[in-house]
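A structural walkthrough
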Amino acid sequence: MKDKIKITATDLFLNLGFKSVTMDDIANEMGISKKTIYTHFSNKTDLVHEVTSSLFCAISEGIDLICATEKNSIEELFEIKQFVMEHLKDEKSSPQYQLQKYYPKIYATLKKKQYDVMQDCVKENLQRGVNTGVYRDTINIEFISRIYFNGVIGIKDNELFPLKTFPMSTLMEYFLEYHIRAICTPKGLETLNKFITTNQSL
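Structural notes, computed from the coordinates. (Residues numbered from 1 in each chain as written. Predicted model: local features only at pLDDT ≥ 70, side-chain atom pairs only at ≥ 80, totals over all residues. Heavy atoms only, no water.)

Let us look at the overall build of the protein. When helices and strands are tallied, the protein shows ten helices and zero strands. Starting at the N terminus and ending at the C terminus, the protein contains elements arranged as α-α-α-α-α-α-α-α-α-α. For the protein, the residues scored as buried account for 45% of the 202 residues in total. Within the protein, residue pairs in contact and separated by at least 24 positions form 70% of the contacts whose partners lie at least 6 positions apart. The distance from the centre of the 25 positive side-chain charges to the centre of the 26 negative ones in the protein is 5 Å. (Helix = DSSP H or I, 4+ residues; strand = E, 2+ residues; numbered from the N terminus. Buried < 20%, exposed > 50% of the residue type's maximum accessible area, 1.4 Å probe, protein only. Contact = heavy atoms within 4.5 Å. Lys, Arg positive; Asp, Glu negative; His and termini not counted. Charge placed at Lys NZ, Arg CZ, Asp CG, Glu CD.)

For the coordinates displayed, the defined rule picks out one cavity of 30 Å³ or more. Its boundaries defined by the atoms lining it, the largest cavity holds a volume of some 650 Å³. Along the wall of the largest cavity there are 33 residues; nearest its centre are Ile59, Val84, Leu88, Gln114 and Lys156. Of all the secondary-structure elements, those providing two or more residues to the lining of the largest cavity are helix 4 (44-68), helix 5 (73-87), helix 6 (95-102), helix 7 (104-131), helix 8 (141-154) and helix 9 (168-183). Looking at which element gives the most residues to the lining of the largest cavity, the answer is helix 7, with nine residues. Class assignment of the residues belonging to the lining of the largest cavity gives a composition of 23 nonpolar, five polar and five charged. (1 Å grid on protein atoms, 1.4 Å probe; cavity = no way out; pocket = protein on both sides within 12 Å on 5 of 7 lines; lining within 4 Å. Points joined across faces, edges and corners; volume = space filled by probe spheres on them. Nonpolar A, V, L, I, M, F, W, Y, C, P; charged D, E, K, R; others polar.)

With that settled, the discussion passes to helix 6. Those residues of helix 6 that sit buried are Pro95, Gln96, Tyr97, Gln98 and Leu99. At its buried positions, helix 6 is contacted by helix 1 (2-16), helix 4, helix 7 and helix 8.

Attention shifts here to the environment of Asn150. Positionally, Asn150 belongs in helix 8. Judged by its relative accessible area of 52%, Asn150 falls in the exposed class. It is 32 Å that separates the C-alpha atoms of Asn150 and Asn43, two residues lying 107 residues apart in sequence.

Inspection of the secondary structure puts Asp157 in the loop between helix 8 and helix 9. Owing to a relative accessible area of 25%, Asp157 belongs among the partly exposed residues under this scheme. Here the alpha-carbon distance between Asp157 and Asn125, two residues 32 residues apart in the chain, equals 25 Å. Engagement of the side chain of Asp157 in a polar contact is seen with the backbone nitrogen of Glu159, the distance being 2.9 Å. (Polar contact = N/O pair within 3.5 Å; in protein donor to acceptor, adjacent residues only side chain to side chain.)

Before going further, it helps to examine the packing of aromatic side chains. Tallied over the entire structure, the rule returns four aromatic pairs. The interplanar angle of 35° and the centroid separation of 5.0 Å between the aromatic rings of Phe13 and Phe18 together place this pair among those described as tilted. Using a relative accessible area of 0% as the deciding quantity, one classes Phe13 as buried. We classify Phe18 as buried; its relative accessible area is 2%. (Phe/Tyr/Trp six-rings, centres within 6.5 Å; stacked < 30°, edge-to-face > 60°.)

Structure representation (structure tokens):
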């Protein structure tokens, strides 16, 4: 039952937002009493913590599997972006921004874990890209990996990038292209242009 509650809560939180979904909403969606939820979770903050931790683990494991295939570095970034967006339901409820605003302690813990995971993945991606000639060999990998993380976090600020103007899927496409163009070689640019052309034709 605890897992079922987490699955339902995850779906509602991602679609409607962490703030707007109540324990009553979750109970009604599942056809159970609110008391049943409180048997497994002491309060909504506890539930949000469990949901975000599980979601983080699932996404991290998926990214690890993608990275393990050691594809072309540029292709890998697009595949990771697609995977994350699917798991976060295109971030249409701005989950990261809502966490930061309404559950700052959970957000801070998650951000630290996200940084640790992303640093390893991004640095490996950058180094492989340099080795295979799609990224310039003059880039500072430590600097670029941190700038990339800062950008991924920064574009999810709703005040800077309102969702009505910048849907998250479009924003991620813009950011990814911006990131890759800044570090790629002519060979890398050919690969990037293929992805842009393919995405525009979908």
